[in-house]
Amino acid sequence: MYQWRKFEFFEEKYAGKSLVPDEVAGKIECCTSGRGKIAVGCEDGTVSLLDRGFKFSYGFQAHTSSVLFLQQLKQRNFLLTVGKDEQISPQLSSVCLKVFDLDKTQPEGTSTPIPDCIQILRIFTNQFPEAKITSFLVLEEAPPILLIAIGLDNGCIYCIQGDIARERIKRFMLQVENRQDKTQCSITGMGFRVDGKAFQLFAVTPSSVSLFNLQTQPASRQTLDHIGCNVKSVTMNDRLELIIGRPEAVYFYEVDGRGPCWAFEGEKKFLGWFRGYLLCVIADQRSGTNTFNIYDLKNRLIAHSIVTKQVSHMLCEWGSILLIMSDKSALCIGEKDMESKLDMLFKKNLYTVAINLVQSQQADTAATAEVLRKYGDHLYTKQDFDEAMSQYIHTIGHLEPSYVIQKFLDAQRIHNLTNYLEKLHEKGLASKDHTTLLLNCHTKLKDVDKLNVFIKSEDDEEETSRMRKEIQLSKCTACTFTLDLPVVHFMCMHSFHQRCLGDNEKECPECEYRSVLEMKRNLGTFGTEKWN
C-alpha cells in the first residue's frame with residue numbers, strides 16, 4: 001500500500017489537557033454542537049451546555065432517565081432530545097422526543113436557567129411499534145419545518161416531518177431491511193441529501209447501503225451496495241456524498257452507487273468531515289489504543305495523526321475538532337494557519353506539496369504566486385533554469401518582472417528570458433523596456449521570422465505603430481539612415497544595421513560596457529549579467 005506522508009498541519013489547543021467539567025457527573029451518552037456551544041447528554045437524564053474551552057455554562061434535567069440522542073439546530077436555537085421518561089401506562093412508551101427553546105427559560109426561582117420545553121412527542125405509537133433506536137438525524141427545511149429520521153434496530157426508519165413545535169406533523173415509515181437477524185438489519189447510520197427541492201436519505205445497515213427518494217409517495221428505495229458498516233462509522237462530506245468506514249477501507253457513495261474508496265486499514269470507530277478533511281478514529285485491537293488521523297484526500301497526505309485514549313464522542317465546534325474520551329478527558333485540535341504550514345514545507349524543500357496545498361485550499365492568487373516564486377528560486381539555485389522559468393511564468397501579474405529578468409540576463413539563458421518576455425506580452429503586462437529587450441533577444445537569436453510575426457501579431461494598433469517605429473523608423477547609430485531589417489539592438493538602446501557592424505555584433509561600438517549599466521537602469525534591477 002502507498003504510504004502517505006504525515007505532517008503536523010493541526011495542533012492541540014489548551015496544551016492538550018482539556019477535561020469535561022466536573023458538573024457533568026453522569027456517564028456521557030450523546031453529544032451535539034452548534035451555535036458556539038456543546039450539549040452533552042448523560043445517562044442520568046441531564047443535559048449540560050458547555051462554552052468554548054469546555055467551560056460549564058449550565059445544565060438541566062431533560063429526561064427522567066437516560067438521554068439517548070441530541071441535536072442542536074442551526075437556524076433556530078432549539079435543542080432536540082430523545083430520551084426515556086417515566087412510563088405513564090403500559091400502553092405508552094417511555095421514549096419521547098422533546099424540543100427545548102434555549103433562548104427562553106422557565107422561572108424556577110433559582111439562579112440556574114432551565115430552557116423552556118416547547119414540545120413533547122411520543123416516538124412510538126400503535127402504528128409505529130417500539131424498537132431500539134440506533135440512529136437519529138434531523139434536517140432543517142425552511143423554518144419552522146423539520147424532517148426527523150429515527151433509525152431502529154429492526155431495519156425501519158420512522159420519519160416525522162412538519163412544524164414540531166406546534167405538532168403540525170405527519171409520520172411515515174421507511175423499510176430498509178426485513179430480517180430475523182437484527183444484527184444485520186439495524187440502521188447504523190443515515191445522511192440527508194438535498195438537491196434543490198429533491199430530498200433524499202441515505203440509510204446504512206451492517207449489510208447494505210440504500211437511498212430513499214422522499215419526493216415520491218410512498219418513498220422509493222434504491223440499493224446502492226450490499227456491504228455496510230457499524231454504528232458511528234458513517235458521515236457526509238460537503239459534496240453531499242455518503243462516507244462509510246469498514247475495516248479494509250473507507251467508501252464514498254453518490255446517488256448512482258459506490259464511488260472511490262481509500263484503503264485505510266483498521267476498525268473505524270468514528271468518521272467525520274471537517275473543512276475538506278476526512279476524520280477517522282481507528283482502533284488498534286492489539287494495543288487497545290485509538291489513532292486519530294486527519295486525511296487530506298486531495299493531496300494524499302495525513303495532515304495530523306495522534307494516538308489517543310478510548311474515544312467515546314467526536315464532534316466539531318469553535319473552528320476545531322473535539323474528541324471526548326471515555327474517561328471524560330478531551331482533545332481540542334485546530335488547524336494551523338497557511339503560513340505556518342507553508343513554512344514547514346519550505347524547510348523540507350517540499351515545494352510541490354506546498355503548491356498543491358495552496359491550490360487545493362483555494363488560497364488567493366497572490367499567495368500561490370509567492371509559493372511559485374520560492375519554488376522557482378529553489379530550482380534556480382539548483383541550476384534547473386528551464387523548470388525555474390516555468391514556475392516564474394506562473395507568477396506573471398503578481399511578481400515584479402525585473403526580479404525574474406535580472407536572473408536570466410546571462411547570454412546562455414537567453415532562450416529562458418525570451419520565453420518569459422513573450423509571456424509578458426501575451427498577458428498584456430509588458431512595458432516599453434520589456435518590448436525593447438524582447439526585440440533585442442530575437443535579434444541576438446537571429447530570429448528574423450519571429451520578429452516579423454511578433455510585430456504583426458500585436459492587436460493594439462498604437463503599440464504596433466510604436467514597435468514599428470522602434471525597428472523601422474529609428475535610425476542606425478552608425479550610418480544615421482532609417483533602420484531596415486536585419487538590425488541589432490543593444491541594451492544601451494543603440495541600434496545598428498547588421499551590415500554596419502560587420503563581424504562585431506557582441507559590443508555596442510558607441511558605449512561598449514555601458515550598455516549593461518543602461519539596461520539595469522531601465523529595468524530597475526541590480527543583478528549581474530553578461531550581455532554586451
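Residues numbered from 1 in each chain as written. Predicted model: local features only at pLDDT ≥ 70, side-chain atom pairs only at ≥ 80, totals over all residues. Heavy atoms only, no water.

Looking only at helices and strands, the protein features twelve helices and 32 strands. Taking all 532 residues of the protein together, 52% fall into the buried category. Within the protein, counting contacts between residues at least 6 apart in sequence, those at least 24 apart form 43% of the total. On the protein, roughly 25800 Å² of surface is accessible, and the fraction owed to carbon and sulfur atoms is 47%. (Helix = DSSP H or I, 4+ residues; strand = E, 2+ residues; numbered from the N terminus. Buried < 20%, exposed > 50% of the residue type's maximum accessible area, 1.4 Å probe, protein only. Contact = heavy atoms within 4.5 Å. Areas by Shrake-Rupley, 256 points an atom, 1.4 Å probe, with all protein chains shown as cover.)

A word on the side chain of glutamate 141. Tracing the backbone through its elements, the reader meets glutamate 141 in the loop between β12 (133-140) and β13 (145-152). Buried and unpaired, glutamate 141 has lysine 170 as its nearest opposite-charge partner, separated by 8.2 Å. Within the structure, glutamate 141 has its side chain in polar contact with the side chain of glutamine 161 (distance 2.9 Å). (Lys, Arg positive; Asp, Glu negative; His and termini not counted. Salt bridge = Lys/Arg side-chain N within 4 Å of Asp/Glu carboxyl O. Polar contact = N/O pair within 3.5 Å; in protein donor to acceptor, adjacent residues only side chain to side chain.)

Here four strands make up an open sheet; going across it, the order is β12-β13-β14-β15 and the pairing antiparallel. With partners counted over all chains shown, the strands left at the sheet margins are β12 and β15 (168-175), one partner each. Pairwise comparison of adjacent strand axes, ignoring direction, gives a mean angle of 15° for this sheet. (Pairing = 2+ DSSP bridges. Axes fitted to C-alpha atoms, helices over the stretch in contact; angles between N-to-C directions.)

Close contact between helix α3 (residues 351-360) and helix α4 (residues 365-381) brings their axes to 9 Å; oriented N to C, the two are set at 170°. Classified by the angle between their axes, α3 and α4 sit roughly antiparallel to one another. Residues Tyr351, Thr352, Ala354, Ile355, Val358 and Gln359 of α3 lie in contact with α4, whose contacting residues are Thr368, Val371, Leu372, Lys374, Tyr375 and His378. (Parallel < 35°, antiparallel > 145°, perpendicular 65-115°, else oblique.)

Another aspect to go through is the pattern of salt bridges. Using the criterion set out here, one finds 14 salt bridges in the structure. Residue lysine 37 is joined to aspartate 51 by a salt bridge in which the shortest nitrogen-to-oxygen separation is 2.5 Å. Of this pair, lysine 37 sits in strand β5 (residues 37-42) while aspartate 51 sits in strand β6 (residues 46-51), and the two are 14 residues apart along the sequence. With a relative accessible area of 26%, lysine 37 lands in the partly exposed category. Salt-bridge contacts for aspartate 163 lead to arginine 166; the nearest nitrogen and oxygen are separated by 2.9 Å. On the accessibility criterion, arginine 166 (53% relative accessible area) is exposed.

Further remarks concern a negative patch on the surface. A contiguous patch of negative charge, built from Glu11, Asp337, Glu339 and Asp343, is present on the exposed surface. Judged by its relative accessible area of 40%, glutamate 11 is partly exposed. (Patch = residues over 30% accessible without salt bridge, like charges linked within 9 Å, V, L, I, M, F, W, Y side chains within 5 Å. Charge placed at Lys NZ, Arg CZ, Asp CG, Glu CD.)

Attention now goes to the sheet that holds strand β18 (residues 208-213). Here we have four strands laid out as an open sheet, ordered β16-β17-β18-β19, and antiparallel in their pairing. Among the strands making up the open sheet, the edge pair consists of β16 (189-195) and β19 (220-225). Taking the axes of each pair of neighbouring strands and ignoring which way they run, one obtains an average angle of 25° across the sheet.

Our next topic: the side chain of lysine 268. Among the secondary structure elements, lysine 268 is positioned in strand β24 (residues 267-274). One buried charge, lysine 268, has no salt-bridge partner; the nearest side chain with opposite charge is glutamate 248, at 6.7 Å. Side-chain polar atoms of lysine 268 contact the backbone oxygen of arginine 246, separated by 2.6 Å. When near neighbours in sequence (up to four residues on either side) are disregarded, lysine 268 contacts Ser233, Gly245, Arg246, Pro247, Glu248, Ala249, Val250, Cys280, Val281 and Ile282.

Take the confidence of the model for the protein next. Residue-level pLDDT values for the protein average 86, and 87% of them are 70 or greater. Across the protein, strand β8 (residues 67-72) holds the top mean pLDDT of 97, while helix α12 (residues 514-523) sits lowest at 44. Taken together, the stretch residues 512-532 has pLDDT below 50 and engages in 43 contacts with residues farther than four places along the chain or on a different chain. (pLDDT = per-residue confidence, 0-100.)

Turning to the nonpolar core, a few remarks are in order. Grouped together as the largest cluster of nonpolar side chains are 55 residues, with contacts concentrated most on Phe9, Phe10, Phe292 and Ile294. Of all the elements, α3 adds the most residues to this core, at six residues. Not counting residues up to four positions away in its chain, the partners in contact with phenylalanine 10 are Phe274, Tyr277, Ile294, Ala303, His304, Ile321, Ile333, Gly334, Glu335 and Lys336. In this structure, Leu73, Phe128, Phe136 and Cys156 belong to the second largest nonpolar core, which totals 24 residues. (Core = buried A, V, L, I, M, F, W, Y, C linked by side-chain atoms within 4.5 Å.)

Attention now moves to the pairing of β12. Extensive coverage of β12 is indicated by the burial of seven of its eight residues. In this structure, the hairpin formed by β12 and β13 is closed by a connection of four residues.

Let's shift gears to the packing of aromatic side chains. The geometry of an aromatic ring pair is captured by two quantities: the separation of the ring centres and the angle between the planes. Here the structure, examined in full by the defined rule, presents 22 aromatic pairs. Relative to tryptophan 273, the ring of phenylalanine 252 lies with its centre 6.5 Å away and its plane at 80°, an arrangement referred to as edge-to-face. Highlighted residues: phenylalanine 252 in strand β22 (residues 250-254) and tryptophan 273 in strand β24, separated in sequence by 21 residues. Accessibility classification places phenylalanine 252 together with tryptophan 273 in one group, the buried group. Relative to phenylalanine 408, the ring of tyrosine 392 lies with its centre 6.2 Å away and its plane at 80°, an arrangement referred to as edge-to-face. Of this pair, tyrosine 392 sits in helix α5 (residues 385-393) while phenylalanine 408 sits in the loop between α6 (401-405) and α7 (414-426); the two residues are 16 residues apart in sequence, bridging distant segments of the chain. Phenylalanine 408 matches tyrosine 392 in its accessibility class, with the two residues each being buried. Pairwise contacts between aromatic rings join Tyr380, Phe385, Tyr392, Tyr403 and Phe408 into one cluster. The residue whose ring lies beneath arginine 413 is phenylalanine 385, and the NZ or CZ to ring-centre distance is 4.2 Å. (Phe/Tyr/Trp six-rings, centres within 6.5 Å; stacked < 30°, edge-to-face > 60°. Lys NZ or Arg CZ within 6 Å of the ring centre and 35° of its normal.)

With five of its seven residues buried, β16 lies for the most part within the structure. As judged from the seven bridges shared by β16 and strand β17 (residues 198-205), these two strands associate in the antiparallel manner. Paired with valine 194 across the bridge in β17 is phenylalanine 199. Here β16 hands over to β17 after two residues, with glycine 196 in that stretch at a positive phi of 70°.

An ideal rise of 1.5 Å per residue puts 18 Å on 13 residues; helix α8 (residues 432-444) measures up with 18 Å between its terminal C-alpha atoms. In terms of burial, α8 is largely enclosed, as ten of its 13 residues are buried. Every buried residue of α8 is listed here: His434, Thr435, Thr436, Leu437, Leu438, Leu439, Asn440, Cys441, His442 and Thr443. Looking one or two residues past α8, lysine 446 carries a phi angle of roughly 55°, positive in sign. (Expected span 1.5 Å × (residues − 1).)

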